[in-house]
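Each chain, letter by letter, is given below.
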Amino acid sequence: MGAIVYLSRIETFSAAHRLHSSSLSDKENKEIFGKCNNPNSHGHNYKVEVTVKGEINPITGMVMNLMDLKECLKIAVMDILDHKNLDLDVEFFKDKPSTSENLVVLIWNNISQKLKGDGKLYEVKLYETDKNFVVYRGETLDS
């Protein structure tokens, strides 16, 4: 059995959103989300770090071709999220708040559907700001 290596790529995208839950009253939304509940939205320059893992292919010397990972991120992340209003332009957020926690799950799901090659999706790390980030590894409470 060969060595398992973790390969990562980082992309950045800009998007606007409003933190708001239709399950809460306007007062509750304002109390929970504060200024991020602005009806006119606000924006972030997100940074997403995607890590795949796998064995090094003895012929190519790679876990997977970085060009394939780059293309996957273009289709699964950039084309869908960059310069969008998450609440208005992304179907996933029609019935849930556009928090970083929900956004990282959406990104994971999109990448896992599009990923080709030998690398297996290991982790998605999403930075909303330089100081705030979330990590998702495909886990659920029943897994």
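Residues numbered from 1 in each chain as written. Predicted model: local features only at pLDDT ≥ 70, side-chain atom pairs only at ≥ 80, totals over all residues. Heavy atoms only, no water.

(A) A look at the layout of surface pockets. Roughly 190 Å³ of internal volume is contained in the largest pocket. Together, Arg 18, His 20, Ser 21, Ser 22, Ser 23, Asp 87, Phe 93, Lys 94, Asp 95, Lys 96, Pro 97 and Ser 98 line the largest pocket. Taken together, the residues that form the lining of the largest pocket break down as 2 nonpolar, 5 polar and 5 charged. (1 Å grid on protein atoms, 1.4 Å probe; cavity = no way out; pocket = protein on both sides within 12 Å on 5 of 7 lines; lining within 4 Å. Points joined across faces, edges and corners; volume = space filled by probe spheres on them. Nonpolar A, V, L, I, M, F, W, Y, C, P; charged D, E, K, R; others polar.)

(B) Main features of the packing of helix 2 (residues 66-81) against helix 4 (residues 100-114). At a minimum axis separation of 8 Å, helix 2 and helix 4 run at an interaxial angle of 140 degrees. On the basis of their axis angle, the class for helix 2 and helix 4 is oblique. Relative to helix 4, the crossing made by helix 2 is right-handed. Along its contact with helix 2, which presents Cys 72, Leu 73, Ile 75, Ala 76, Val 77, Ile 80 and Leu 81, the element helix 4 presents Leu 103, Leu 106, Ile 107, Asn 110, Ile 111 and Lys 114. A per-class count over the contact of helix 2 with helix 4 returns 11 nonpolar, 1 polar and 1 charged. (Axes fitted to C-alpha atoms, helices over the stretch in contact; angles between N-to-C directions. Helix = DSSP H or I, 4+ residues; strand = E, 2+ residues; numbered from the N terminus. Parallel < 35°, antiparallel > 145°, perpendicular 65-115°, else oblique. Left-handed = near helix turned anticlockwise from the far one by under 90°. Contact = heavy atoms within 4.5 Å.)

(C) Broad picture of the pairing of strand 4 (residues 120-127). Along strand 4, 6 of the 8 residues are buried, which leaves the element largely enclosed by surrounding structure. Two elements, strand 4 and strand 5 (residues 133-136), share 4 bridges in a ladder whose sense is antiparallel. Opposite Val 124, over in strand 5, you have Tyr 136 as the bridge partner. Counting the residues that bridge the hairpin from strand 4 to strand 5 gives 5 residues. (Buried < 20%, exposed > 50% of the residue type's maximum accessible area, 1.4 Å probe, protein only. Pairing = 2+ DSSP bridges.)

(D) Representation of the UniProt feature "binding site: Zn(2+)" (unreviewed entry) in the protein chain in the model. Per the UniProt entry, the sites bearing "binding site: Zn(2+)" (unreviewed entry) are His 17, His 42 and His 44 in this numbering. Spanning 28 residues, the named residues nonetheless gather at one spot, since no C-alpha pair among them exceeds 8.4 Å. Structurally, His 42 is set in strand 2 (residues 42-55). Each residue touching His 42, except ones within four places of it in the same chain, is listed here: Ala 15, Ala 16, His 17 and Cys 36. Structurally, the position occupied by His 44 is in strand 2. (UniProt positions renumbered as here; feature names shortened; annotations may be inferred.)

(E) View of the UniProt feature "active site" (unreviewed entry) in the protein chain. Feature annotation in UniProt places "active site" (unreviewed entry) on Cys 36, His 83 and Glu 128, given in this structure's numbering. Relative accessible area serves as the criterion here: at 64%, His 83 is assigned to the exposed category. With respect to the helices and strands, Glu 128 occurs in the loop between strand 4 and strand 5. The residues touching Glu 128, leaving out its near neighbours within four places in the chain, are His 17, His 44, Asn 45, Tyr 46 and Ser 100. Among the polar contacts made by the side chain of Glu 128, one reaches the side chain of Ser 100 at a distance of 3.1 Å. (Polar contact = N/O pair within 3.5 Å; in protein donor to acceptor, adjacent residues only side chain to side chain.)

(F) Highlighting the pattern of salt bridges. In the structure shown here, the tally under the stated rule is 5 salt bridges. Note that Glu 123 and Arg 137 form a salt bridge whose closest N and O atoms lie 2.6 Å from each other. With a gap of 14 residues between them, Glu 123 in strand 4 and Arg 137 in the segment after strand 5 connect regions that are remote in the sequence. (Salt bridge = Lys/Arg side-chain N within 4 Å of Asp/Glu carboxyl O.)

(G) Looking closely at the packing of aromatic side chains. In this structure the tally under the stated criterion is 5 aromatic pairs. Note on Phe 13 and Tyr 46: the rings are 5.0 Å apart at their centroids and 20 degrees apart in plane angle, and the pair reads as stacked. Placement of the pair is Phe 13 in strand 1 (residues 4-17) and Tyr 46 in strand 2, with a sequence separation of 33 residues. Ring centres 5.2 Å apart and planes at 90 degrees place the aromatic pair Phe 92 and Phe 93 in the edge-to-face group. Of note, Lys 47 hangs over the ring of Tyr 127, and the distance from its end group to the ring centre comes to 4.5 Å. Here Lys 96 stacks its cationic end above the ring of Phe 92, 4.1 Å away from the centre of that ring. (Phe/Tyr/Trp six-rings, centres within 6.5 Å; stacked < 30°, edge-to-face > 60°. Lys NZ or Arg CZ within 6 Å of the ring centre and 35° of its normal.)

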